[in-house]
Amino acid sequence: MGKSSKDKRDAYYRLAKEQGWRARSAFKLLQLDEEFNLFEGVTRVVDLCAAPGSWSQVLSRILIQGQRVGRIAWEDKRYKELLRLREAGQDGDEAASEPEPPTEAKPRKNVKIVAIDLQPMSPLEGITCLKADITHPTTIPLLLKALDPDYDSSSSSTEASHPVDLVLSDGAPDVTGLHDLDIYVQSQLLWAALNLALCVLKPGGTFVAKIFRGKDVDLLYAQLKIVFEGVTVAKPRSSRASSVEAFIVCTNFRPPKGFRASLDNPLGAGRKLEHPSGDAKIPRTQPSRTLRDDGITELELGSESEGDGEDIRWIAPFLACGDLSAFDADASHKLPEGHVSLDPVQPPTAPPYRRALEERKKMGGAYGKTKLGDVPA
Ligand SMILES: C[S@@+](CC[C@H](N)C(=O)[O-])C[C@H]1O[C@@H](n2cnc3c(N)ncnc32)[C@H](O)[C@@H]1O
């Protein structure tokens, strides 16, 4: 597919290049921030599965450079619109009060951002980049050391002495197209990301991670609900509606009393964890699935009860986020007048498909048309 044609078919791919983002994924994080105000008061962040680095760029622009992107850009837009309506005398109830001016944005002090990926990532100023596998136990001491240079790597501690406010994970395996397998591998990445988050998050912190909405994803929500007060599934406008991808946004980390993060015993697996508030506010349900004649699976939940916690199911609220007037990620869009197709900002440094493409190119034919660096995250 030529670059111009790709620009037309994927508005976020084109916009990413125009705005200097390394990948179109940047818009997913920006749209999540519009809805959840992810960066308020945040200075310490871990960005898991970060290459080629567009989420790290978002972190850098907001926290290090103090740029008005994400939530603040949305507030600016809203403020201008309220002022316009006010001037036009169309602001109805809002007439009584002056619209709140948007939040001030400035570079923050003592920012610490650690980015990790299997792939090498081109450097970004102010960001510590680690090349590591998030599913491997040796990554924990690496991360703890990167967060705190005084960390003693020979100790067996898995807890950060200076914990972080926010852990992000946009991890995705190389998709095979076999949905069950892809969903399984993705869930292993998510599990690893969650366990790293449990080691480094401070109470009150936030965890945001990519999920593939598979059959038993509600069990995951219930597990997350044990350690986070808020658990919401969000679908940013820039994430294709046709894809099973979504993001889980978990707020207010509140580890149960006596909880210690451990890779050997992740999330208390094998033993029962107390709900942090000590009560049984999570609905305990016995779900059953029925396949209807029309092919639709009905999920029926049992009633709330004071069970022993063995069958906890909890359905997380689902939220579409990002301005609904923004580009539809599944549609083709007309290119603006005089459009010039730009090269990607940061081609992948060592894509796993490099060898396959080189081999195909040697063989010539249609396959030779795909260029390295044409594939955005
Ligand atoms: C969709 S991309 C992330 C895009 C990134 N958030 C950005 O904005 O540029 C998914 C990344 O997950 C990484 N990944 C997959 N499995 C991993 C693992 N086990 N450990 C670390 N990174 C992994 C891949 O190398 C890939 O770079």
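Nothing here was measured: the structure is a model prediction, and the numbers come from that model. (Residues numbered from 1 in each chain as written. Predicted model: local features only at pLDDT ≥ 70, side-chain atom pairs only at ≥ 80, totals over all residues. Heavy atoms only, no water.)

### Topic: helix H8 (residues 217-227)
Each α-helix turn comprises 3.6 residues. Residues three or four places apart therefore point the same way. Within H8, nine of the eleven residues are buried, which leaves it mostly tucked inside the rest of the structure. Listing the buried residues of H8 in full gives Val217, Asp218, Leu220, Tyr221, Ala222, Leu224, Lys225, Ile226 and Val227. (Buried < 20%, exposed > 50% of the residue type's maximum accessible area, 1.4 Å probe, protein only. Helix = DSSP H or I, 4+ residues; strand = E, 2+ residues; numbered from the N terminus.)

### Concerning a nonpolar patch on the surface
Nonpolar side chains collect at one region of the surface, where Leu178, Leu181, Tyr184 and Val185 lie side by side and expose about 370 Å² of accessible area between them. Note that Leu181 resides in helix H7 (residues 179-200). Its relative accessible area of 40% is what places Leu181 among the partly exposed residues. (Patch = residues over 30% accessible without salt bridge, like charges linked within 9 Å, V, L, I, M, F, W, Y side chains within 5 Å. Areas by Shrake-Rupley, 256 points an atom, 1.4 Å probe, with all protein chains shown as cover. Salt bridge = Lys/Arg side-chain N within 4 Å of Asp/Glu carboxyl O.)

### Topic: the site of the ligand
Taken together, 20 residues sit near the ligand, with Gly53, Ser54, Asp117, Asp133 and Asp170 positioned nearest. Take Leu118: an N or O atom from its main chain is 3.3 Å from a nitrogen atom of the ligand. When its residues are assigned to classes, the shell around the ligand shows eleven nonpolar, five polar and four charged. (Near = heavy atom within 4 Å. Polar contact = N/O pair within 3.5 Å; in protein donor to acceptor, adjacent residues only side chain to side chain. Nonpolar A, V, L, I, M, F, W, Y, C, P; charged D, E, K, R; others polar.)

### Re the sheet that holds strand S6 (residues 228-236)
The eight strands are arranged S3-S2-S1-S4-S5-S7-S6-S10 in an open sheet whose pairing can be described as mixed. At either margin of the open sheet sits one strand with a lone partner, and together these are strand S3 (127-131) and strand S10 (318-321). Shown here is a sheet whose adjacent strand axes are inclined to one another by a mean of 20 degrees, direction ignored. In this sheet, S3 lies alongside strand S2 (residues 112-117) in parallel orientation, the contact comprising five bridges. (Pairing = 2+ DSSP bridges. Axes fitted to C-alpha atoms, helices over the stretch in contact; angles between N-to-C directions.)

### Quick look at the environment of Phe212
Relative to the helices and strands, Phe212 resides in strand S5 (residues 201-212). Taking the C-alpha atoms as reference points, Phe212 and Ala246, 34 residues apart in sequence, are found 6.2 Å from one another. Each residue touching Phe212, except ones within four places of it in the same chain, is listed here: Asp182, Ile183, Gln186, Val217, Val244 and Glu245. (Contact = heavy atoms within 4.5 Å.)

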